[in-house]
There are 2 protein chains.
Amino acid sequence: MSEPIRVGLVGLGQIARVQHLPALAGSPDFRLVAVCDPAPSAVPDGVTPHRSLAAMIAAGGIDAVAFCTPPQVRYRLARTALAAGLHVLLEKPPAQTVAEIDDLAALARGAGLSLFAAWHSMFAGAVAPARRLLAARGAGAMRIVWREDVHKFHPGVDWFWQPGGMGVFDPGVNALSIAVACLPEPLFVRGARFRIRPGEHTPVAAMLDLATPTRETGFTADFDWDHRGEETWSIDWTLDDGGALSLSRGGAALRLDGATLVEEADAEYPRLYAHFASLIRAARSDAETRPLRLAADAFSLARRVA
Amino acid sequence: MSEPIRVGLVGLGQIARVQHLPALAGSPDFRLVAVCDPAPSAVPDGVTPHRSLAAMIAAGGIDAVAFCTPPQVRYRLARTALAAGLHVLLEKPPAQTVAEIDDLAALARGAGLSLFAAWHSMFAGAVAPARRLLAARGAGAMRIVWREDVHKFHPGVDWFWQPGGMGVFDPGVNALSIAVACLPEPLFVRGARFRIRPGEHTPVAAMLDLATPTRETGFTADFDWDHRGEETWSIDWTLDDGGALSLSRGGAALRLDGATLVEEADAEYPRLYAHFASLIRAARSDAETRPLRLAADAFSLARRVA
């Protein structure tokens, strides 16, 4: 076993507290040594708090940084970290635009560092078995349904509706990340209908017509962030032989023709950090851009509906 | 000198008649042997007309195909041509989405064929000297102004305002293609303001805030397709040493501190076909996606203004 990788966590908001701190506490690969936040709170014992990334870098003693800041500032901060010789993990979405991710990936490659665009839903338990089944039996159709109540999961947050806030694509990119991870073929956006509320700049609901190189119809996504009642995070595939493959609970469950293949508690972040460790030890990057690219494609092809 | 490459032209609309047919007639590298259009007219002597790509392929005797169809159908047609073993040139924009271009590039690579995403403005006379100057002296600021009257250049055309029609980004991507070809650093979209007229889905005017890895401000684009009077297709750079580099006439003219460096008649398409020939002979592709990616990024970050 190698020495643990010394990691600093930048941005101590909800996702850091709920997912990153527990995953790091349980990780055999990493040791959390520092955190950084303009107003650090809930700092674990034995971890050094900093007010800025510059201060954290100046203090030294870290090998890698995980960014849980709002996406607007990730690109600049990640550049600073890479320039300081640190491996970088970026929460999703990894940046505001695909061009930024590609630039960070080139920078990491040139410096021999690992960049990890951490699309957490790709590490849900259903993803690997779904990918194997779809590779073997083909995807004839796909229906994504991703519906939840934004007020339940993000009370009081309103930057989603500003330009760059992505609206319903903030959760929707999770579905798209699972879809691209599972499908044996590339996925394209063919058209989109956006529901944008008056005075807002991003959609609260979106319907996407999708396609693959060999399937022009039968691939759809239905995103709704104004949904009341029980949330739905499901992807249903019709296999080429007629079988029915159904992913639900955001990827924590998978059924084939009604029979349960996967049913687990959420374990995305422990797997995600294990992958980050494997990237660092193999001197590789994983700078996945497809989910964000599909979202941008949908914006560029969108029809606004009432 | 090798044998001329036998080429078929698909889509005999305005751009084919005004640019592709004359460029091919003057090319030492290509021989136009077939055209294809649902209603072929103005077919040059000695060239075989076909009603469909399938018929053109079935007739045989061609090595390459140039697509001048509307962008919505280019991806499917290009796949068909690559599957038939033909080299492919795509007018700009090469497809509806970046994901489609990447898929075609992978297909071409696997088949040992050349794919050329032909962003014609990249072949304007000012581009190569501007690139050399900017590489040597740095770009401290950039101001793109691309203003023209859509009714003057495209009378009666209204698909621009439908989803996927791109609106003012149809000419605007020409400016973006020049910018990415000239700048020594990557270019990012930081924000955008779109003017979309009632009942339309794409912007008639757009203002972009752009950035590079080392410059967060001073890079802008001003696109207006509702402009009256003389058109403007210019890019002004402030060099790091204070020099003023000015590209105008869409890239046909270039001045440095007021002194003319380039002043030529439009010669984009002859250069473009010479590049296509060099790609085919070197068994390479040029599947440039950055202009379309920047446009999609602008849509995804846009603020709608009145």
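Residues numbered from 1 in each chain as written. Chains lettered and ligands numbered in written order. Predicted model: local features only at pLDDT ≥ 70, side-chain atom pairs only at ≥ 80, totals over all residues. Heavy atoms only, no water.

Here's the deal with the pairing of strand 8 (residues 188–195) of chain A
Residues and elements named next belong to chain A. Our working rule: Here, any two strands with at least 2 DSSP bridges between them count as paired. Segments assigned H or I by DSSP are reported as helices when at least four residues long, segments assigned E as strands when at least two residues long, and all are numbered from the N terminus.
Bridging between strand 8 and strand 9 (residues 205–212) involves seven bridges; their strand directions are antiparallel. Note on strand 9: the bridge partner recorded for Arg 195 is Ala 205. One ladder, built from four bridges, connects strand 8 with strand 15 (residues 302–305); its direction is parallel. Note on strand 15: the bridge partner recorded for Arg 195 is Val 305.

Structural notes on the interface of chain A and chain B
Here is the rule: Only heavy atoms matter for contacts: two residues are in contact if any of them lie within 4.5 Å across the pair. Using a 1.4 Å probe, buried area is obtained as the accessible area two parts lose upon being combined, added over both of them. Salt bridge, as used here, is a side-chain nitrogen of Lys or Arg placed within 4 Å of a carboxyl oxygen of Asp or Glu. In protein, a polar contact requires one atom able to donate a hydrogen and another able to accept it; more generally it is a pair of N or O atoms within 3.5 Å, and residues adjacent in sequence count only if both atoms are side-chain atoms. Under the convention adopted here, Pro, Cys and the residues Ala, Val, Leu, Ile, Met, Phe, Trp and Tyr are nonpolar, Asp, Glu, Lys and Arg are charged, and Gly plus all remaining residues are polar.
If you look at the interface, chain A gives 32 residues, while chain B gives 32 residues. Roughly 2,800 Å² of surface becomes buried between chain A and chain B when both sides are summed, with 50% attributable to carbon and sulfur atoms. Three residues stand out in chain A for area buried against chain B, namely Arg 76, Phe 188 and Arg 293 of chain A, and they jointly supply 17% of the buried area on that side. A salt bridge links Arg 293 of chain A to Asp 102 of chain B, with the shortest nitrogen-to-oxygen separation between them at 2.3 Å. Counting every contact that joins chain A to chain B gives 16 residue pairs in polar contact (both at pLDDT 80 or more). Residue classes in the side of chain A that touches chain B are distributed as 13 nonpolar, seven polar and 12 charged.

Quick word on the pairing of strand 1 (residues 5–10) of chain A
All names here are of chain A. The cut-off we apply is this: Classification of residues uses two cut-offs on accessible area relative to the type maximum, computed with a 1.4 Å probe and protein chains only: under 20% is buried, over 50% is exposed, and between them is partly exposed.
Counting buried residues in strand 1 gives five out of six residues, a clear majority hidden from the surface. For strand 1 and strand 4 (residues 64–67), the ladder comprises four bridges, and the chain directions are parallel. When the sheet's bridge partners are listed, Gly 8 is paired in strand 4 with Val 65.

Looking at the side chain of Glu 100 of chain A
Here Glu 100 of chain A lies in helix 4 (residues 98–111). Non-local contacts of Glu 100 of chain A, meaning those with residues more than four positions away in its chain, are made with Tyr 75 and Ala 95 of chain A together with Phe 188 and Arg 190 of chain B.

A short note on the state of the cysteines
Put simply, the rule reads: The criterion for a disulfide is a pair of cysteine sulfur atoms lying within 2.5 Å.
Applying the stated criterion across every chain, the model contains zero disulfides over all chains. For the unlinked cysteine Cys 68 of chain B, the closest cysteine sulfur is that of Cys 36 of chain B, found at 11 Å.

Examining the relation of the copies chain A and chain B
To keep it simple, the criterion reads: For this overlay, a least-squares fit was computed on C-alpha atoms, restricted to residues scoring pLDDT of at least 70 in both copies.
Relative to chain B, chain A is turned by 180° and slid 0.0 Å along the rotation axis, the superposed coordinates differing by an RMSD of 0.0 Å. Taken together, the rotation angle and the small translation identify this as a two-fold axis. Interface overlap between copies: 100% of the residues of chain A at the interface are likewise at the interface in chain B, consistent with a symmetric, same-surface contact.

Comments concerning the sheet that holds strand 1 (residues 5–10) of chain B
Each strand in a sheet pairs with another by means of backbone hydrogen bonds, the pair being arranged parallel or else antiparallel. Residues and elements named next belong to chain B. Keep this limit in mind: Inter-axis angles, ranging from 0 to 180 degrees, are taken between N-to-C directions of lines fitted to C-alpha atoms, where helices are fitted over the stretch in contact.
With parallel pairing, the six strands of this open sheet are ordered in space as 3-2-1-4-5-6. Where the open sheet ends on each side, the last strands, each with one partner, are strand 3 (48–50) and strand 6 (115–118). The mean angle between the axes of side-by-side strands here comes to 25°, regardless of whether they run parallel or antiparallel. Where helix 1 (residues 14–25) meets the sheet, it contacts strand 1, strand 2 (30–36) and strand 5 (87–91), and its direction lies at approximately 175° from that of strand 1.

Quick word on the confidence of the model for chain A
Selection rule: Residue-level confidence of the predictor is what pLDDT reports, using numbers from 0 through 100.
With 100% of its residues at a pLDDT of 70 or more, chain A shows a mean pLDDT of 95. Our summary of model confidence lists the complex with pTM equal to 0.94 and ipTM equal to 0.93.

Observations regarding helix 7 (residues 169–182) of chain A
Applied cut-off: Given a helix with a known number of residues, its expected span is that number minus one, times 1.5 Å.
Taking 1.5 Å per residue as the helical rise, helix 7 of chain A with its 14 residues ought to reach 20 Å, and the 19 Å between its terminal C-alpha atoms agrees with that figure. Most of helix 7 of chain A sits out of view: 14 of its 14 residues are buried.

Quick look at helix 8 (residues 268–282) of chain B
Residues and elements named next belong to chain B. For helix 8, spanning 15 residues, the distance from its first C-alpha to its last is 21 Å, which sits close to the expected 21 Å at 1.5 Å a residue. Taken together, the buried positions of helix 8 are Glu 268, Tyr 269, Leu 272, Tyr 273, Phe 276, Ala 277, Leu 279 and Ile 280. Contact partners of the buried residues in helix 8: strand 1, helix 1, strand 2, strand 4 (64–67), strand 5 and strand 6. Taken from the residues just after helix 8, Ala 283 is the one with a positive phi, measuring 55°.

Regarding the environment of Tyr 273 of chain A
Residues and elements named next belong to chain A. Assignment of secondary structure puts Tyr 273 in helix 8 (residues 268–282). In this structure the C-alpha to C-alpha distance between Tyr 273 and His 120, which are 153 residues apart in sequence, comes to 9.8 Å. Those residues in contact with Tyr 273 that sit more than four places away from it in its chain are Leu 9, His 20, Ala 23, Leu 24, Phe 30, Ala 66 and Leu 89.

Section: the packing of aromatic side chains
Note the cut-off: Planes of paired rings set the category: under 30 degrees apart is stacked, over 60 is edge-to-face and the rest tilted, where pairs are Phe, Tyr or Trp rings (Trp by its six-membered ring) whose centres lie within 6.5 Å.
Summed over the entire model, instances satisfying the criterion amount to 28 aromatic pairs over all chains. On the numbers, 5.5 Å between centres and 90° between planes, the contact of Phe 169 of chain A with Phe 223 of chain A is edge-to-face. In this pair, Phe 169 of chain A is assigned in helix 7 and Phe 223 of chain A in strand 10 (residues 215–224), connecting sequence segments 54 residues apart. One exposure class covers both Phe 169 of chain A and Phe 223 of chain A, and it is buried. Considering the side-chain rings of Phe 169 of chain B and Phe 299 of chain B, the 5.3 Å spacing of their centres and the 45° angle between planes classify their relative orientation as tilted. You can see Phe 169 of chain B sitting in helix 7 (residues 169–182) and its partner Phe 299 of chain B sitting in helix 9 (residues 290–301), a full 130 residues away along the chain. Members of the aromatic cluster, each reached through a chain of ring pairs, are Phe 30, Phe 116, Phe 123, Tyr 273 and Phe 276 of chain A.

Digging into the sheet that holds strand 9 (residues 205–211) of chain B
Residues and elements named next belong to chain B. Pairing within the open sheet is mixed, and its nine strands lie in the order 14-13-12-11-7-10-9-8-15. Each end of this open sheet is capped by a strand with a single partner; those strands are strand 14 (259–263) and strand 15 (302–305). On average, adjacent strands in this sheet sit at an angle of 15° to one another, irrespective of strand direction. Across six bridges, strand 7 (residues 139–147) lies against strand 10 (residues 219–224) in parallel orientation. Each bridged residue has a counterpart across the sheet, and for Arg 143 the counterpart in strand 10 is Thr 220.

So, unusual backbone geometry
Across the chain, the bulk of peptide bonds are trans and the bulk of non-glycine residues have phi less than zero. Residue and element names in this part refer to chain A. Cis geometry is adopted by the peptide bond preceding Pro 93, which originates at Lys 92 and carries an omega value of -10°. Counting through the fold element by element, Pro 93 comes out in the loop between strand 5 (87–91) and helix 4. Positive phi values are uncommon outside glycine, yet Ala 42 reaches one of about 55°. Inspection of the secondary structure puts Ala 42 in the loop between strand 2 (30–36) and strand 3 (48–50).

Describing the packing of helix 3 (residues 74–83) of chain B against helix 4 (residues 98–111) of chain B
Residues and elements named next belong to chain B. As a reminder of what qualifies: Oblique is the label for any angle not covered by the other classes, which are roughly parallel (under 35 degrees), roughly antiparallel (over 145) and roughly perpendicular (65 to 115).
Viewed as axis vectors pointing N to C, helix 3 and helix 4 meet at an angle of 5°, and their least axial separation amounts to 10 Å. Classified by the angle between their axes, helix 3 and helix 4 sit roughly parallel to one another. Between helix 3 and helix 4, the residues in contact are Tyr 75, Ala 78, Arg 79 and Leu 82 and Glu 100, Asp 103, Leu 104, Leu 107 and Ala 108, respectively. Here the contact of helix 3 with helix 4 is built from residues that sort into six nonpolar, no polar and three charged.

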